[in-house]
Amino acid sequence: MGELAAEKHAKYILTVEKKKDDIESVLMEHLRINGAYWGLTTLDILGKLAAVDQETIISWVMSCQHESGGFGGNEGHDPHLLYTLSAIQILALFNKIDALDAEKVSTYISTLQNEDGSFSGDKWGEIDTRFSYVAICSLALLKQLDKINVEKAVKYIISCKNLDGGFGCTPGAESHAGQIFCCIGALAITGCLHYVDKDLLGWWLCERQVKSGGLNGRPEKLPDVCYSWWVLSSLIMIDRVHWIDKQKLVDFILDCQDKENGGISDRPDDAVDVFHTYFGVAGLSLLEYPGLKAIDPAYALPVDVIDRIFLH
Ligand SMILES: COc1ccc(S(=O)(=O)N2Cc3cc(C#N)ccc3N(Cc3cncn3C)C[C@H]2Cc2ccccc2)cc1
Ligand SMILES: [Zn+2]
């Protein structure tokens with residue numbers, strides 16, 4: 001509890017970024033570009049992004065680009081929408097989106113939109129509302145939303161709305177906090193939040209808070225720090241964040257820190273990792289924890305980065 005061990009978390013991220021051959025790094029090498037986005041955005045929120053060698057990172061990110069225009073999770077890996085968004089987000093952090101051929105990347109993304117407006121994650125065709133969000137967020141950052149059929153993309157997302165006000169990965173699939181974030185984020189970016197029943201969804205979301213103050217992803221599940229992002233950012237986007245106890249959530253996240261070695265875990269006393277360190281720090285940023293840079297709930301990037309892209 002108590003306070004955020006910011007210096008320790010920055011040091012933890014910087015050491016993990018360097019490690020390549022330990023078991024965790026090898027297991028995660030297929031999504032290394034996701035890990036880089038989580039780590040670098042955490043550093044930026046902590047005001048420590050200057051601690052990394054941006055030229056080295058930018059050239060590594062560009063080396064993950066496939067000839068199709070999409071990005072793989074590491075050098076030489078097949079492209080996927082999930083990794084393409086992480087690449088764009090990393091370049092945005094360093095104000096280097098212009099290192100990209102926006103036309104080529106947005107053509108890759110637009111070829112993954114299906115007739116019904118949904119998106120496949122890659123050429124193998126898996127459809128999930130996660131991919132709708134990743135496609136729309138990527139194209140918005142590239143200012144290339146006109147490359148897809150936004151009306152059909154929005155219509156497909158709305159077709160995944162459930163009677164409980166939530167959203168699942170496909171029409172009729174069970175509501176889950178991760179998919180709700182993706183659908184609400186996509187609707188926020190496209191200016192279509194008026195299709196959402198904010199009171200019904202707000203109720204489902206605020207019911208995710210358990211007595212420890214943490215948030216879970218579905219009814220009866222254990223709380224998990226990463227839901228501090230999926231649920232909280234959704235509540236903020238639909239203006240219902242006052243329906244949860246923010247201080248109790250802050251205390252839950254602070255309770256999940258390893259204050260000795262740095263890092264944040266999914267719940268108290270579990271092993272820390274980069275993923276939960278990012279979502280913990282990003283969650284505290286959404287809760288306006290002192291000393292942290294503000295993060296945009298829809299784009300999952302610092303507000304000053306978003307302002308630089310859209311307001312310059
Ligand atoms: C430790 O076992 C795992 C299990 C799965 C994965 S994963 O499929 O690559 N992935 C990313 C992820 C990264 C880390 C880290 N470092 C840790 C966990 C975690 N999960 C699993 C998780 C998180 N909360 C509870 N659970 C069970 C989410 C998952 C899916 C996801 C990917 C990208 C963006 C959002 C979500 C990685 C490790
Ligand atoms: Zn988690």
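Conventions we followed
- Residues numbered from 1 in each chain as written.
- Chains lettered and ligands numbered in written order.
- Predicted model: local features only at pLDDT ≥ 70, side-chain atom pairs only at ≥ 80, totals over all residues.
- Heavy atoms only, no water.
- UniProt positions renumbered as here; feature names shortened; annotations may be inferred.
- Donors = N, O, S within 2.8 Å, 3.2 Å for Na, K, Ca; no water.
- Buried < 20%, exposed > 50% of the residue type's maximum accessible area, 1.4 Å probe, protein only.
- Near = heavy atom within 4 Å.
- Polar contact = N/O pair within 3.5 Å; in protein donor to acceptor, adjacent residues only side chain to side chain.
- Areas by Shrake-Rupley, 256 points an atom, 1.4 Å probe, with all protein chains shown as cover.
- Helix = DSSP H or I, 4+ residues; strand = E, 2+ residues; numbered from the N terminus.
- Nonpolar A, V, L, I, M, F, W, Y, C, P; charged D, E, K, R; others polar.
- Axes fitted to C-alpha atoms, helices over the stretch in contact; angles between N-to-C directions.
- Left-handed = near helix turned anticlockwise from the far one by under 90°.
- Contact = heavy atoms within 4.5 Å.
- Patch = residues over 30% accessible without salt bridge, like charges linked within 9 Å, V, L, I, M, F, W, Y side chains within 5 Å.
- Salt bridge = Lys/Arg side-chain N within 4 Å of Asp/Glu carboxyl O.
- 1 Å grid on protein atoms, 1.4 Å probe; cavity = no way out; pocket = protein on both sides within 12 Å on 5 of 7 lines; lining within 4 Å.
- Points joined across faces, edges and corners; volume = space filled by probe spheres on them.
- Parallel < 35°, antiparallel > 145°, perpendicular 65-115°, else oblique.

For the chain, the name recorded in an unreviewed UniProt entry is Geranylgeranyl transferase type-2 subunit beta, with Deinandra increscens subsp. villosa as its organism. Recorded in UniProt under Catalytic activity (unreviewed entry), the annotation for the chain is "geranylgeranyl diphosphate + L-cysteinyl-[protein] = S-geranylgeranyl-L-cysteinyl-[protein] + diphosphate". UniProt, in the comment section headed Subunit (unreviewed entry), describes the chain in these words: "Heterotrimer composed of the alpha subunit RGTA, the beta subunit RGTB and REP; within this trimer, RGTA and RGTB form the catalytic component, while REP mediates peptide substrate binding."

Undergrad: Any chance you could explain the coordination of the zinc ion (ligand 2) here in plain terms?
TA: Coordination of the zinc ion (ligand 2) by the protein comes from D224 (OD), D224 (OD), C226 (SG) and H276 (NE2), over a distance range of 2.1 to 2.4 Å. One chain supplies every donor to the zinc ion (ligand 2), and in sequence these donors are spaced D-x1-C-x49-H. Grouping residues by exposure puts D224 and C226 together as buried.

Undergrad: I'm lost on the site of ligand 1 in this one. Help?
TA: Taken together, M28, L31, W38, D224, C226, W230, D273, V274, F275 and H276 make up the full set of residues near ligand 1. A distance of 3.1 Å is found between a nitrogen atom of ligand 1 and a side-chain nitrogen or oxygen belonging to D224. One of the side-chain nitrogen or oxygen atoms of H276 is found 3.2 Å away from a nitrogen atom of ligand 1. Protein contacts shield 49% of the accessible area of ligand 1, which totals 680 Å² for the unbound molecule. Take the shell around ligand 1: its biggest share by element is three residues, from helix α13 (residues 274-286). Classifying every residue of the shell around ligand 1 gives seven nonpolar, one polar and two charged.

Undergrad: What is the right way to look at the packing of helix α9 (residues 177-189) against helix α10 (residues 198-206) in this model?
TA: Each pair of packed helices gets described by two things: the angle between the helix axes and the distance between those axes. Close contact between α9 and α10 brings their axes to 12 Å; oriented N to C, the two are set at 145°. Our pair here, α9 against α10, has a crossing hand that is left-handed. Taking contact as the criterion, the partners of A177, I180 and I184 in α9 are, on α10, L201, W204 and L205. Split into classes, the residues belonging to the contact of α9 with α10 amount to six nonpolar, no polar and no charged.

Undergrad: Looking at this structure, I do not really get a nonpolar patch on the surface. What am I missing?
TA: Judged by side-chain polarity, I23, L27 and M28 come together as a nonpolar surface patch covering roughly 320 Å² of accessible area. Here L27 shows up in helix α2 (residues 23-27). By relative accessible area, which is 58% here, L27 ends up exposed.

Undergrad: It is not clear to me how the layout of surface pockets should be interpreted in this structure. Could you clarify?
TA: Rolled over the atoms, a probe with the dimensions of a water molecule shows which regions are left empty. As a volume, the largest pocket reaches approximately 890 Å³. Residue lining of the largest pocket: 29 residues in total, with V16, E17, K19, R32 and V274 positioned closest to the centre. If you list the elements that add at least two residues to the lining of the largest pocket, you get α1 (6-18), α2, α3 (32-45), α4 (54-63), β2 (272-273) and α13. Among the residues making up the lining of the largest pocket, the classes are represented as 16 nonpolar, three polar and ten charged. Estimates place the volume of the second largest pocket at around 570 Å³.

Undergrad: What is the right way to read the packing of helix α5 (residues 81-93) against helix α7 (residues 129-141) from this model?
TA: At their nearest, the axes of α5 and α7 sit 9 Å apart, and the two run at 30° to each other. As the angle between them shows, α5 and α7 are arranged roughly parallel. Every pair of crossing elements has a handedness; the one defined by α5 and α7 is left-handed. Counted together, L81, L82, L85, I88 and Q89 of α5 and R130, F131, Y133, V134, A135, C137, S138 and L141 of α7 form the full contact between these two elements. Of the residues that constitute the contact of α5 with α7, the class distribution is ten nonpolar, two polar and one charged.

Undergrad: Can you walk me through unusual backbone geometry in this structure?
TA: Glycine aside, the phi torsion of most residues is negative, and most peptide linkages are trans. Although it is not a glycine, N95 sits at a positive phi angle of roughly 55°. The residue N95 is located in the loop between α5 and α6 (102-110) in this model. Classification of N95 as partly exposed rests on a relative accessible area of 47%. Here E288, not a glycine, exhibits a phi torsion of approximately 60°, which is positive. Its location among the elements puts E288 in the loop between α13 and α14 (303-310).

Undergrad: Whenever I open this one, the pattern of salt bridges confuses me. Can you help?
TA: Opposite charge on two side chains allows them to pair when their charged atoms are near. If you walk through the whole model with that rule in mind, you get twelve salt bridges. Residue R130 is joined to D128 by a salt bridge in which the shortest nitrogen-to-oxygen separation is 3.1 Å. Where K246 meets E288, a salt bridge forms, and the shortest distance between an N and an O atom there is 3.8 Å. Highlighted residues: K246 in helix α12 (residues 246-255) and E288 in the loop between α13 and α14, separated in sequence by 42 residues. Here the salt bridges do not stand alone but share partners, grouping D44, K293 and D304 into one network.

Undergrad: Is there a simple way to explain helix α11 (residues 227-237) in this structure?
TA: Turn by turn, an α-helix covers 3.6 residues, leaving residues three or four places apart pointing in a common direction. Taken across its eleven residues, α11 has ten buried, putting it largely inside the fold. Buried positions along α11 lie against α9, α10, α12 and α13. A positive backbone phi angle near 55° is found at D239, which sits one or two residues after α11.

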